[in-house]
Amino acid sequence: MKKSKLKQKSSARINMWSIQTTKENPLQIPNKTTICGDDRTLQYAYDHISFIWLSIKEFINNTESVLSTSIIYNNKLIVNDFLKKGLIAYKEQLDIKDDSIYSHDAVACFLLAVIKTTKTTCNFIITDNNSGETWDILNDTPLSIWRLNRQDLSIAQNNLTNNEIARAVYLKITPANIKRSMRRHKHEHAILVGHMGTYH
């Protein structure tokens, strides 16, 4: 699979990000198989969150649109990586036998794990080496659209703040009904700043 040349802004960080410039492989699209693999406990968590929160499928589809499946960080597709970490956090909530933990608490932990991971994995900038145009997570155009018909791309570490990344990912990817629930139950600020202790 062809990858563009990786350009780094920091010599201390080597081969963290890479970008696939060929057409995206449908086998990489985020779904139960690509996220969970053969882990049955994660498969159960995927089924559970998808049943309780129907719009989680929209969340997954949004990750593919906004970030595409072309970005790799430390040899892992970033969208599958942070969705898997979200499911691990959700599964841990299901394992807790405590009636005081509600479904909105569990999905808040899912979102918190996703957002915390994106603060690292989404701090990149892509450059079209032909036009000089760039893309990062603050761009209004989804990466899946921006990268169409662009073949000579390079990727490097960006200098965005954690807050900028967290807000951009949360606002662009999280479906409206889940945002409403997070605000109603006062989880939204905790998700954005990454304080797990806020939940309980």
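Scroll up a little and you will see the structure.
Residues numbered from 1 in each chain as written. Predicted model: local features only at pLDDT ≥ 70, side-chain atom pairs only at ≥ 80, totals over all residues. Heavy atoms only, no water.

(A) Representation of helix α5 (residues 103-121) within the structure. Here α5 spans 27 Å end to end across 19 residues, near enough to the 27 Å set by a 1.5 Å rise per residue. The buried fraction of α5 amounts to 16 of the 19 residues, a majority that puts the element mostly inside the structure. (Helix = DSSP H or I, 4+ residues; strand = E, 2+ residues; numbered from the N terminus. Expected span 1.5 Å × (residues − 1). Buried < 20%, exposed > 50% of the residue type's maximum accessible area, 1.4 Å probe, protein only.)

(B) The sheet that holds strand β4 (residues 124-128), seen in detail. If you walk across this open sheet you meet the three strands as β5-β4-β6, and the pairing is antiparallel. Of all strands in the sheet, those with a lone pairing partner are β5 (134-135) and β6 (153-157), marking the two edges. Note that β4 and β5 share two bridges and pair antiparallel. For Ile-126, the partnering residue across the bridge sits in β5 and is Trp-135. (Pairing = 2+ DSSP bridges.)

(C) View of the pattern of salt bridges. Following the criterion strictly, the structure yields six salt bridges and no others. In this structure, Asp-95 and Lys-91 form a salt bridge, with 3.5 Å as the shortest nitrogen-oxygen distance. Of this pair, Asp-95 and Lys-91 both sit in helix α4 (residues 78-95), separated by four residues, roughly a single helical turn. Of the charged contacts in the structure, one is a salt bridge between Arg-183 and Glu-188, with a shortest N-O distance of 3.0 Å. On the accessibility criterion, Arg-183 (44% relative accessible area) is partly exposed. Overall, the relative accessible area of 18% leaves Glu-188 in the buried class. Overlapping salt bridges bring together Asp-128, Glu-133 and Arg-150 as one network. (Salt bridge = Lys/Arg side-chain N within 4 Å of Asp/Glu carboxyl O.)

(D) Summary view of the nonpolar core. Core analysis: the largest hydrophobic core is formed by 50 residues, its most contacted members being Leu-67, Ile-71, Leu-87, Phe-110, Phe-124, Ile-126 and Ile-137. It is α5 that contributes the most residues to this core, seven residues altogether. Contacts of Phe-124, omitting those with residues within four sequence positions, involve Trp-17, Leu-67, Ile-71, Ile-78, Trp-135, Asp-136, Ile-155, Ala-156, Gln-157 and Asn-158. (Core = buried A, V, L, I, M, F, W, Y, C linked by side-chain atoms within 4.5 Å. Contact = heavy atoms within 4.5 Å.)

(E) View of the packing of helix α2 (residues 40-52) against α4. At a minimum axis separation of 9 Å, α2 and α4 run at an interaxial angle of 85 degrees. Judged by the angle between their axes, α2 and α4 are roughly perpendicular. Counted together, Thr-41, Leu-42, Tyr-44, Ala-45, Tyr-46, His-48, Ile-49 and Ile-52 of α2 and Lys-84, Leu-87, Ile-88, Tyr-90, Lys-91 and Leu-94 of α4 form the full contact between these two elements. Its residues assigned to classes, the contact of α2 with α4 comprises ten nonpolar, two polar and two charged. (Axes fitted to C-alpha atoms, helices over the stretch in contact; angles between N-to-C directions. Parallel < 35°, antiparallel > 145°, perpendicular 65-115°, else oblique. Nonpolar A, V, L, I, M, F, W, Y, C, P; charged D, E, K, R; others polar.)

(F) Representation of the packing of α4 against α5 in the model. As a packed pair, α4 and α5 sit with axes 7 Å apart at the nearest point and diverge in direction by 150 degrees. Along this stretch, α4 crosses α5, giving a crossing that reads as right-handed. Contacts from Ile-78, Asp-81, Phe-82, Leu-83, Lys-85, Gly-86, Leu-87, Ala-89, Tyr-90 and Gln-93 of α4 reach α5 at Ala-106, Val-107, Cys-109, Phe-110, Ala-113, Val-114, Thr-117, Thr-118 and Thr-121. (Left-handed = near helix turned anticlockwise from the far one by under 90°.)

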